[in-house]
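Understanding the architecture of this molecule
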Amino acid sequence: SLDRQEVQTKLLGRAGFQECLDLIPQVRDLTMDFCNCKYAACLAALEQMKPSLCLDVHLSDQVDTLLQQIRSKGIVQYFAPFMSVSLHSMATAFSSDVDSIQKEVASLIVKKELSGKIDSQKKILYMRRDNPRLTAYRNTMQFSEEFLHTTQALILRMNLLRHDFGSYSTRQKK
């Protein structure tokens with residue numbers, strides 16, 4: 001599933017696709033709701049469309065998975081600009097209860113789709129920031145391993161060329 005920026009540029013920004021969306025106002029409205037961060041309205045519209053989507057031969061098996069992915073993408077995008085967010089406000093934004101939002105957020109954290117930690121007592125989701133020193137150290141270690149591998153390969157090649165070790169074809173010229 002696409003994030004908000006990709007939906008705006010790849011779908012809503014194209015005239016041909018905009019014409020197709022105008023033919024199906026329900027889809028246009030839920031797409032606009034998703035882009036405008038009106039997740040409760042978007043998810044409600046998707047739930048209303050679910051019976052007709054289940055009748056589609058190609059979509060029927062994936063409807064529940066698609067709806068869950070769209071909801072997960074919305075949760076991730078809702079949390080993205082914040083350092084911390086109340087699970088109560090998330091529950092309101094997604095027209096859900098706090099316990100189910102907490103379970104969804106926990107599953108997204110386990111799947112590594114969301115980088116955060118939950119304060120279960122205060123019902124607050126905190127952004128988990130990477131340690132810049134640890135990130136720099138890991139990048140340096142990766143670069144040094146690549147450098148060592150490349151250097152060893154070059155030394156081996158130089159030694160093979162120095163000792164005239166190689167396979168040469170013996171063709172006779174006519």
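Residues numbered from 1 in each chain as written. Predicted model: local features only at pLDDT ≥ 70, side-chain atom pairs only at ≥ 80, totals over all residues. Heavy atoms only, no water.

1. Observations regarding the overall build of the protein chain
The cut-off we apply is this: Runs of E in the DSSP output that reach at least two residues are strands. Runs of H or I that reach at least four are helices, and both are numbered from the N terminus. Using C-alpha atoms as the atom set, the radius of gyration is obtained and then compared with a globule rule of 2.2 Å times the number of residues to the power 0.38. The buried label applies to any residue whose accessible area, calculated with a 1.4 Å probe on protein chains only, is under 20% of its type's maximum; exposed applies above 50%, and partly exposed to all values in between. Pairs of residues are marked as contacts when any of their non-hydrogen atoms sit within 4.5 Å.
Helix and strand content of the protein chain: eight helices and three strands. Its helices and strands taken in sequence order, the protein chain reads α-α-α-α-α-β-α-α-β-β-α from the N to the C terminus. At 26 Å, the protein chain has a C-alpha radius of gyration far larger than the 16 Å of a compact globule built from 174 residues. Considering only C-alpha atoms, the protein chain reaches an extent of 80 × 55 × 30 Å along its principal axes. Relative to its 174 residues, the protein chain shows a buried fraction of 23%. Within the protein chain, contacts between residues separated by at least 24 positions form 47% of all contacts whose residues are at least 6 apart in sequence.

2. A look at the pattern of salt bridges
Oppositely charged side chains can form a pair if their charged atoms are brought close together. Defined as follows: Each salt bridge in this description consists of a side-chain nitrogen of Lys or Arg and a carboxyl oxygen of Asp or Glu lying within 4 Å of one another.
Going through the model one piece at a time under the given rule, you end up with five salt bridges. Between Arg-28 and Asp-29 there is a salt bridge, with the nearest N and O atoms lying 3.5 Å from each other. On the accessibility criterion, Arg-28 (25% relative accessible area) is partly exposed. We classify Asp-29 as partly exposed; its relative accessible area is 38%.

3. Some points on the nonpolar core
Let me state the cut-off plainly: Among the buried residues, those of types Ala, Val, Leu, Ile, Met, Phe, Trp, Tyr and Cys that are joined through side-chain atoms within 4.5 Å form a nonpolar core.
In this structure, Met-90, Ile-101, Val-105 and Leu-125 are the most contacted members of the largest nonpolar core, which totals 30 residues. Excluding its chain neighbours within four sequence positions, the residues that come into contact with Leu-125 are Phe-79, Met-83, Ser-84, Val-85, Leu-87, Met-90, Val-105, Ile-109, Leu-114, Gly-116, Lys-117 and Ile-118.

4. Some words on the packing of helix α4 (residues 39-54) against helix α5 (residues 63-79)
Angle between the axes and distance between the axes: these two values describe a pair of packed helices. Our working definition: Between N-to-C directions, angles span 0 to 180 degrees; the directions come from axes that are lines fitted to C-alpha atoms, helices contributing only their stretch in contact. For classification, angles of less than 35 degrees are called roughly parallel, those exceeding 145 degrees roughly antiparallel, those between 65 and 115 degrees roughly perpendicular, and all remaining angles oblique. Gly is put with the polar residues, along with every residue not named as nonpolar or charged; the nonpolar set is Ala, Val, Leu, Ile, Met, Phe, Trp, Tyr, Cys and Pro, and the charged set is Asp, Glu, Lys and Arg.
It is at 10 Å that the axes of α4 and α5 come closest, and there the two elements cross at 170°. In terms of axis orientation, α4 runs roughly antiparallel to α5. Listed contacts from α5 to Tyr-39, Leu-43, Leu-46, Glu-47, Lys-50, Leu-53 and Cys-54 of α4 are Val-63, Asp-64, Leu-67, Ile-70, Arg-71, Gly-74, Gln-77 and Tyr-78. Its residues placed into classes, the contact of α4 with α5 shows nine nonpolar, two polar and four charged.

5. Here we look at the layout of surface pockets
With a probe scaled to a water molecule rolled over the atoms, the places where space remains empty come into view. Just so we agree on the cut-off: A cavity here means a set of 1 Å grid points, computed over protein atoms only, where a 1.4 Å probe fits but cannot escape. A pocket is an open set with protein on both sides within 12 Å along at least 5 of 7 lines, and lining residues have an atom within 4 Å of a point. Grid points are joined across faces, edges and corners, and a volume is the space filled by probe spheres set on the points.
In this model, the largest pocket occupies a volume close to 630 Å³. Together, 21 residues line the largest pocket, and Val-27, Leu-30, Thr-31, Leu-46 and Ile-70 are the ones closest to its centre. Taken together, the residues that form the lining of the largest pocket break down as 19 nonpolar, two polar and no charged.

6. Describing the pairing of strand β2 (residues 116-119)
Cut-off, in case you're wondering: Only when DSSP finds a minimum of two bridges between them are two strands counted as paired.
Judged from the four bridges that link them, β2 and strand β3 (residues 124-127) form a sheet pairing that is antiparallel. The residue of β3 that forms the bridge with Asp-119 is Ile-124. Linking β2 to β3, which pair antiparallel, is a turn of four residues; within it Lys-123 sits at a positive phi near 60°.

7. Re the packing of aromatic side chains
Selection rule: A pair of Phe, Tyr and Trp rings is counted when the ring centres sit within 6.5 Å of each other, with Trp represented by its six-membered ring. The angle between the planes then sorts it: under 30 degrees is stacked, over 60 is edge-to-face, the rest tilted.
Under the counting rule described, the total for this entry stands at five aromatic pairs. Between Tyr-78 and Phe-82 the ring centres are 6.0 Å apart and the planes differ by 50°, which places this aromatic pair in the tilted class. On the basis of relative accessible area, Phe-82 is assigned to the partly exposed category, the value being 36%. Their ring planes at 75° and their centres at 5.7 Å tell us that Tyr-78 and Phe-94 sit as a pair that is edge-to-face. Taken as a pair, Tyr-78 in helix α5 and Phe-94 in the loop between α6 (87-93) and α7 (98-110) lie far apart in primary sequence, 16 residues in all. This pair shows no difference in class: Tyr-78 is buried, exactly as Phe-94 is.

8. A few points about the packing of helix α1 (residues 4-12) against helix α3 (residues 25-35)
Closest axis-to-axis distance for the α1/α3 pair is 9 Å, and the angle between their directions is 140°. The orientation of α1 relative to α3 falls into the category oblique. Facing α1, whose interface residues are Arg-4, Val-7, Gln-8 and Leu-12, α3 presents Thr-31, Met-32, Phe-34 and Cys-35. When the residues that make up the contact of α1 with α3 are grouped by side-chain class, the tally is five nonpolar, two polar and one charged.

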